[in-house]
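# A structural walkthrough
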Amino acid sequence: MPLPRLLRRLLPLAFLLGLGWFLWLKVRPVLSELDNPLSPTPRITVTHNTVLQKVESLGRLELVRYQFRDVVEYKKSTYRFLPDAKVALIVAGNAVGCLDLRKVRPQDVVLEGDSVLRLALPAPELCTWQVDHAKSKVYSVENGFFQDAELVDAGYKYAEANVRTAALQSGILAQTTQNAEQILRPMLETMTGRRVVLVPRLENPLLPARR
């Protein structure tokens, strides 16, 4: 058989083999999923639309953080003839004391001679207090009567309010003022080249109402 005629017969066969191989490469991933339907490859689709709602100027200098750990038992009377609903939580929380430097006024900064800067600081604040849910857990829920989620949420809200109370009672505001001396004063002295004296700002008393 002449060579050109042989090539004309082999070309369609080669084309069909190439087409078959191409189609096999395309359908092989699908077939592999069908062979193992219990563990298919997950397909994740994420849709989002981020909108900037508010821009705030930050001027709070965080100076101390208190961390708390507590076991909270929250009990709620639901029905008269049924036992009380109760949840026990192991709670981790933290509170942060800070100074809001946005409240410093021009008259609060006084230069004395060539070597002293006197700064009247605003009152220390409790900036944040919150429950650290990543380190907290529900220990037990009793008699929830299909309201376990609401009971746990109420328990965490009570625990968060208790974090604030515990921080204030533990002297976090006084510690914030003390840390301002240790952190803020050396920083200002380095920046200004002056000896810095930090004093609490005295608020003006309310003027008596005119008659």
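Quick summary incoming for the structure in this document. (Residues numbered from 1 in each chain as written. Predicted model: local features only at pLDDT ≥ 70, side-chain atom pairs only at ≥ 80, totals over all residues. Heavy atoms only, no water.)

Checked against the element boundaries, Thr-176 lands in helix 3 (residues 172–192). Given the relative accessible area of 0%, Thr-176 is considered buried. When the C-alpha atoms of Thr-176 and Val-96 are compared, they prove to be 8.9 Å apart, with 80 residues separating the residues in sequence. With residues up to four places along the chain from it excluded, the contact list for Thr-176 reads Leu-63, Val-64, Gly-97, Cys-98, Leu-99 and Pro-124. (Helix = DSSP H or I, 4+ residues; strand = E, 2+ residues; numbered from the N terminus. Buried < 20%, exposed > 50% of the residue type's maximum accessible area, 1.4 Å probe, protein only. Contact = heavy atoms within 4.5 Å.)

Mapped onto the elements, Leu-111 comes out in strand 3 (residues 109–112). Along the sequence, Leu-111 and Val-196 sit 85 residues apart, while their C-alpha atoms lie 9.5 Å from each other. For Leu-111, the residues in contact, after removing those within four places along its chain, are Val-116, Leu-117 and Arg-194.

Our next topic: the state of the cysteines. Per the stated rule, a full pass over the model turns up 1 disulfide. Paired by a disulfide, Cys-98 and Cys-127 hold their sulfur atoms 1.5 Å apart. Residues Cys-98 and Cys-127 are joined through a disulfide that is right-handed, its torsion about the S-S bond being 120°. Of this pair, Cys-98 sits in strand 2 (residues 85–100) while Cys-127 sits in strand 5 (residues 125–131), and the two are 29 residues apart along the sequence. As far as the burial class goes, Cys-98 and Cys-127 line up, both buried. (Disulfide = S-S within 2.5 Å.)

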